[in-house]
Amino acid sequence: MTEINKVAVIGAGVMGAGIAAHVANAGIPVVLLDIVPEGANDRSVVAKTAVQKMLKTNPAPFMHKKNARLIETGNLEDDLQSISDCDWICEAIIENPQIKRDLYAKLNEVRKPGSVVTSNTSTIPLNVLTEGLGDGFAKDFAITHFFNPPRYMRLLEVVKGEHTSDDAYEALKAFGDVRLGKEVVECKDTPGFIGNRIGIFWSTVATRAAYDLGLTVEEADSIVGKPTGVPKTGIFGLGDLTGIDLGPHVIASMIDLVPADDPLREWVDPEHPLTKLTEKMISEGYTGRKGKGGFYRRFRDGGRSVKQTLDLKTGEYRDTQKSELKSARAAKKGLRALIEYDDKGGEYAWTVLSNVFTYSASLVPEIADDIRSVDLAMKTGYAWKWGPFEMIDMVGTDWLADKLKAEGRDVPELLEKARGRTFYKEEGEKLFILDPSGDYTEVEIADDAWMLADRKRGKEPVKKNASASLWDVGDGVLCLEFHSKMNALDENSIAMIKQAAKADKLGYKAVIIGSDADNFSVGANVGVALFGANAAMWPLIENGVAEGQKAMQELKNSPFPVVAAPAGMALGGGCEVCLHSNAIQAHAESYMGLVEVGVGLLPGWGGCKELTIRNMTNKRRPGGPMPALSNAFQAISTAKVATSAAEAQEMQILRHTDGITMNRRRVLADAKKKALEMAEGYEVPEPIVVNLPGPTAQAAFRMAVEGFVQQGQATEYDAEIAEQVGRVLSGGDTDITEEVTEKKLLELEREGFMTLIRNEKTLMRIEHMLTKGRPLRN
């Protein structure tokens, strides 16, 4: 199979540049080319400017700024030869078939034999793109459709033509999966493929139906939002986020491509009042968050922040009002409860969902060979919590078909075949999906790419409590799963960590820590600490800190390897779990940090200790103790959070020997593999001692913080918290000639934690975080 070791991206617009950045995130060198602008002094200014802009963009396209060095910029007139050693050439230019074909002809003259060429198009059929270029080009050509922004959206739709070679196609899929971390979904060569075909229909129905049924923007977003498993922005809020001016172009493009009898046409009316309102908004610059505002707008009125919402009927802004639809609250009982609720919210939910369900069911196998591909595309391309077929199973196939029939609506053939059954079926440890023939097909789960749900299916946990469980994931490996709200750690989590540290007594040889949740763990449940402090239960609080420290040390010193597999947020106590694991195999999108100062505390479960040790024992650190300790002090005292695993490695949260996995579906499998490799001849780590400077370091930290206070960048209480942090990191009352043990650092942590938890200002910070969801700077 073709190996992809160097990539070229043609087109340095938002998508092309974003694709190039993500290839660089994978550690692959990439050439980025664009046109020569008329009259430009720098003929490669377009590509160069795109890279410079991405270095300042938030959210960042690069996982680490150093990745930008892997991008070689140039232009199509002078530098086309630079693609001659590239294995994959991805085109991301204007959606014009002739311009694309002209480009391909030029690429064909310089590309190396066997290199793969793809288009990022989402609208032009593959056979149109390769027209007149010969079978030799066609066998190396495919479509790779990324979703924006390429770093963060997990879906990669791939389409092969009748002449595309299996070798080229498999190489693309493997590279997209393993190196780029994408959920690679195979699509048919049809308009909009899967994601945009259904997504554009869904958004069109949802906005038009909201207007027709008389819902306000807030009411619509309260239904087609979290209750239906779509982004919490809601449907109108999502339009503001993506850009209202994008909508008409996307819809017009899709209308030109879909068949004459496609249901989308019934929902698109150039004369509809909402269409006219949208046109007016765009013409006046109300294009969403990037413009003057959109369906929502925010502005400052004196010192007051004002949020207003567009009235769909009058076209005027008014103060935003909270939706009072009871159906939105009923949705907590499930989709059926939402749909069946007798108010306009329930009617709206039924209108949107029933149309999406029937549309999706009618498109299989036209757009994809199986229903799972459709569900994966919508979950990873549009950030839906559930795919359409998963939602049909939730409401019931019989119920849905009967309700459609009662309304005189057509029941799709695939839904008829599913009557009395479900689209997904579990039998023991196996998962099956209903295929278009009406038979069930087993879903093959690869040994090197699985989610915890795939290993839990048909099994009971080895141990379980309200906050955590232990699961057998095969080959003598246990998985510790946190499953409290946001995976916050409490006494039950700590108890299960202690059980995991005894896995050898249960016959296991390694432990991995991870789950399928969006976040590894957001940290300790500080609400428990606030309750205890308000009741002056100081011995109980101190015991809780000590027990947490004990659990972490047991994890670190267990007679077998423990590998943490973080993904999403691993903050505070969650980060401390990772720091005490013998190795980390992190998802590339891991956001890690010791953030306790945000609630007026310091890391009390060994976080200060571990970050001190990691920085002091880092063989690559500058000479002397202060540069190393300053790194740890800055990270903890500013509650710095790494915005990628690469940044966490730079912060010493990950060691240089720890692993980073690009694909979320491969994280646990990679962690298990690492744990099994470590289990051979594993030895318990030796206790670590460090030489710390004591009061001299504390004085240096104090001076630095006082400077921030004088500049107004830190409060007096920030300085008090930093004083406690500095005392721990410097080793307390010690001297550079004395050895400081882990035990001593843990004692200093407990002392600092208990000093801060007794302060009223810390309690105010905790309460503010719990009630407002953001830090208080008091």
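Our structure's up above, just so we're on the same page.
What counts, and at which threshold
Residues numbered from 1 in each chain as written. Predicted model: local features only at pLDDT ≥ 70, side-chain atom pairs only at ≥ 80, totals over all residues. Heavy atoms only, no water. Patch = residues over 30% accessible without salt bridge, like charges linked within 9 Å, V, L, I, M, F, W, Y side chains within 5 Å. Areas by Shrake-Rupley, 256 points an atom, 1.4 Å probe, with all protein chains shown as cover. Salt bridge = Lys/Arg side-chain N within 4 Å of Asp/Glu carboxyl O. Lys, Arg positive; Asp, Glu negative; His and termini not counted. Charge placed at Lys NZ, Arg CZ, Asp CG, Glu CD. Helix = DSSP H or I, 4+ residues; strand = E, 2+ residues; numbered from the N terminus. Buried < 20%, exposed > 50% of the residue type's maximum accessible area, 1.4 Å probe, protein only. Phe/Tyr/Trp six-rings, centres within 6.5 Å; stacked < 30°, edge-to-face > 60°. Lys NZ or Arg CZ within 6 Å of the ring centre and 35° of its normal. Pairing = 2+ DSSP bridges. Right-handed = clockwise from strand over helix to strand, strands pointing away.

Undergrad: Whenever I open this one, a positive patch on the surface confuses me. Can you help?
TA: On the surface, a cluster of positive charge is made up of Lys226, Lys232, Lys322, Lys326, Arg329, Lys332, Lys385 and Lys485. Here Lys485 lies in the loop between β17 (477–482) and α21 (491–500).

Undergrad: Looking at this structure, how should I read the pattern of salt bridges?
TA: Applying the stated criterion across every chain yields a total of 50 salt bridges. Between Arg151 and Glu589 there is a salt bridge whose closest N-O contact spans 2.7 Å. Within this pair, whereas Arg151 is found in the loop between β6 (141–146) and β7 (155–160), its partner Glu589 is found in the loop between β21 (583–587) and β22 (590–593), the two being separated by 438 residues in sequence. What makes Glu589 buried here is its relative accessible area of 10%. Asp658 serves as the salt-bridge partner of Arg655, at 3.1 Å between the closest nitrogen and oxygen. You can call Arg655 partly exposed: its relative accessible area is 25%. Salt bridges sharing partners connect three or more residues here, namely Lys556, Lys609, Glu610 and Glu742.

Undergrad: Help me out: how do you make sense of the packing of aromatic side chains in this one?
TA: Two aromatic rings are characterised by how far apart their centres lie and by the angle between their planes. Within this structure, the stated rule accounts for 15 aromatic pairs. Arranged with centres 5.7 Å apart and planes meeting at 75°, the rings of Trp88 and Phe175 form a pair that is edge-to-face. Highlighted residues: Trp88 in strand β4 (residues 88–91) and Phe175 in helix α6 (residues 166–179), separated in sequence by 87 residues. Trp88 gets classed as buried once you look at its relative accessible area, which sits at 2%. Under the relative-accessibility criterion, Phe175 is labelled buried at 5%. Consider the rings of Phe482 and Phe520, whose centres lie 6.0 Å apart with planes at 80°: the pair is edge-to-face. Placement of the pair is Phe482 in strand β17 and Phe520 in the loop between β18 (510–513) and α22 (526–534), with a sequence separation of 38 residues. An identical accessibility class is assigned to Phe482 and Phe520; each is buried. Linked through ring pairs, Phe147, Trp202, Tyr382 and Trp384 together constitute an aromatic cluster. One cation-aromatic arrangement involves Lys307 over Tyr296; the distance from NZ or CZ to the ring centre is 4.7 Å.

Undergrad: What is the right way to look at the pairing of strand β8 (residues 183–186) in this model?
TA: Within a regular beta strand, the side chains point alternately toward one face of the sheet and then the other, so they alternate between its two faces. What you see with β8 is a clean split: Glu183 and Val185 sit on the buried side and Val184 and Glu186 on the side with no burial. One ladder, built from four bridges, connects β7 with β8; its direction is parallel. Note that in β8 the partner of Glu157 across the bridge is Val185. Read as a crossover between parallel neighbours, the route from β7 over α6 to β8 is right-handed.

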